[in-house]
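These are the residues of each chain, in order.
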Amino acid sequence: MTYLCLQQYWWVLISLLGALLVFLLFVQGGNSLLFSLGHSAEERRLLINSTGRKWEFTFTTLVTFGGAFFASFPLFYSTSFGGAYWLWMLILFSFVLQAVSYEFQNKLGNFLGARTFQWCLVANGIIGPLLLGGAVATFFNGSNFIVRHDNLTDSLQPVISTWANGSHGLDALLDPWNLILGFAVFFLARVLGALYIINNVHEEQIAARSHRQLLVNFITFLIFFLAFLVHTLLKDGYAYDPATGLIFMEPMKYLHNLTTLWPVAVLLLIGVVLVVIGVVRTLLQPLFLRGIWPVGIGVVLTVFSLFLLVGLNNTAFYPSTADLQSSLTIANACSSEFTLCTMAWVSLFIPFVLAYIFVAWRAIDKRRITKEEIAEDEAY
């Protein structure tokens, strides 16, 4: 494989991990609905044990996503995770708070009470998807950083990338389009959470409330997502000349990417159709319980396509609003050819990891969770 092929190969893997992470946010979506769906302590415990069986998958995927970015595109990792650390620290703190809340809410000696930790789960369900969506939106809208490679020769402060202001990432929340995608991801997580609970929890009242929440959150998600998608496809995008590395603004860059990379456009269309079909069928057929799967596959395909649009076809995947030429591309932000090649061999083990996850998932969800099971078995 050529160096360019390795760069594209790793961007594809990063895009797939990001897409899987968005699907697994159904855990956060379910937690954000905790008090809307669970009107009693018993019902809330049922819901917590439903999502509690899967929270490790989401957390592990988030860490893997960050680790893969660090290994394949280290300049992005040092620029974003290092410069915009307040944004990423809030995201990570909310996920750590989630893990603590699951494990300690019913432990002996919990002087804060189970309800306090349940509200912490709700907080993670809101903060996690909202800030992750806002962070991903900066791939399209840019961030306020400067990259200076000649700083490596400075023996006192050999720092390549610096943030151009003192907000260290929180300024991303001042861009309304970043917030729009953040809210789209938040409501999408709630849609996925409602669908997962319908599939996983055997309780009629909770299922009825989940259907009502599904309708409201799906309509709201569509409004935010379509607004962001149309705006992104029509706005100027960040392109670069592969011969010189010069970054420049190109009118309707992402729409051009969509028409040039037609297989990606097909994946995007299939993904959107699957999401709509899965939600509509679940709403029209109350006995249909497997809506999470067509919608989940559709979400993965849609998010995967959007990541490909922002990184391929000579596009700067992490634009700089402070200095256009500091924008990061898969060519100027990647690891060495040797590193990418070595990791490409390691990535061949990914199908075995996915197979393990599939087997573990089936073993956990052999039957729908019930109140009787929670009362009899060890539970959160």
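Residues numbered from 1 in each chain as written. Predicted model: local features only at pLDDT ≥ 70, side-chain atom pairs only at ≥ 80, totals over all residues. Heavy atoms only, no water.

Caption draft 1: Quick peek at a nonpolar patch on the surface. On the surface, Tyr 85, Trp 86, Met 89, Leu 90, Leu 92 and Leu 170 cluster together into a nonpolar patch covering about 540 Å² of accessible area. Position of Met 89 among the secondary structure elements: in helix α7 (residues 85-104). (Patch = residues over 30% accessible without salt bridge, like charges linked within 9 Å, V, L, I, M, F, W, Y side chains within 5 Å. Areas by Shrake-Rupley, 256 points an atom, 1.4 Å probe, with all protein chains shown as cover. Salt bridge = Lys/Arg side-chain N within 4 Å of Asp/Glu carboxyl O. Helix = DSSP H or I, 4+ residues; strand = E, 2+ residues; numbered from the N terminus.)

Caption draft 2: Structural view of the pairing of strand β3 (residues 237-240). Neither face of β3 is exposed, since Gly 237 and Ala 239 on one face and Tyr 238 and Tyr 240 on the opposite face are all buried. In this sheet, strand β4 (residues 247-250) lies alongside β3 in antiparallel orientation, the contact comprising four bridges. In the strand pairing of β4, Gly 237 is matched with Glu 250. Between β3 and β4, which pair antiparallel and follow one another directly, the connecting turn spans six residues, one of which, Gly 245, has a positive phi of 80 degrees. (Buried < 20%, exposed > 50% of the residue type's maximum accessible area, 1.4 Å probe, protein only. Pairing = 2+ DSSP bridges.)

Caption draft 3: Inspection of the pattern of salt bridges at higher detail. Tallying each qualifying case throughout the model produces three salt bridges. In this structure, the salt-bridge partner of Arg 148 is Asp 323, at a minimum N-O distance of 3.0 Å. Of this pair, Arg 148 sits in the loop between β1 (145-147) and β2 (161-163) while Asp 323 sits in the loop between α13 (292-311) and α14 (337-346); the two residues are 175 residues apart in sequence, bridging distant segments of the chain. For Arg 148, a relative accessible area of 36% translates into the label partly exposed. Between Lys 253 and Glu 250 there is a salt bridge; the shortest N-O distance is 3.9 Å. We note that Lys 253, like Glu 250, is buried.

Caption draft 4: Main features of the nonpolar core. Membership of the largest hydrophobic core comes to 108 residues, with the highest contact counts inside it found for Trp 11 and Phe 317. Residue contributions to this core peak at 14 residues, all from helix α9 (residues 176-200). With near-sequence residues (within four places) excluded, Trp 11 lies in contact with Phe 69, Phe 73, Phe 139, Phe 307, Leu 308, Val 310, Gly 311, Leu 312, Phe 317 and Ile 330. (Core = buried A, V, L, I, M, F, W, Y, C linked by side-chain atoms within 4.5 Å. Contact = heavy atoms within 4.5 Å.)

Caption draft 5: Looking closely at the side chain of Glu 203. Secondary-structure assignment places Glu 203 in the loop between α9 and α10 (204-234). Classification of Glu 203 by relative accessible area gives buried; the value is 19%. Ignoring sequence-local partners within four residues, the contact set of Glu 203 consists of Leu 46 and Lys 371.

Caption draft 6: Just the environment of Leu 283, in detail. Relative to the elements of secondary structure, Leu 283 occurs in helix α12 (residues 262-284). Overall, Leu 283 belongs to the partly exposed group, its relative accessible area being 27%. Once the C-alpha coordinates of Leu 283 and Thr 315 are considered, the two residues, 32 residues apart in sequence, prove to be 39 Å apart. When sequence neighbours within four positions are dropped, the list of residues in contact with Leu 283 reads His 211, Leu 214 and Leu 215.

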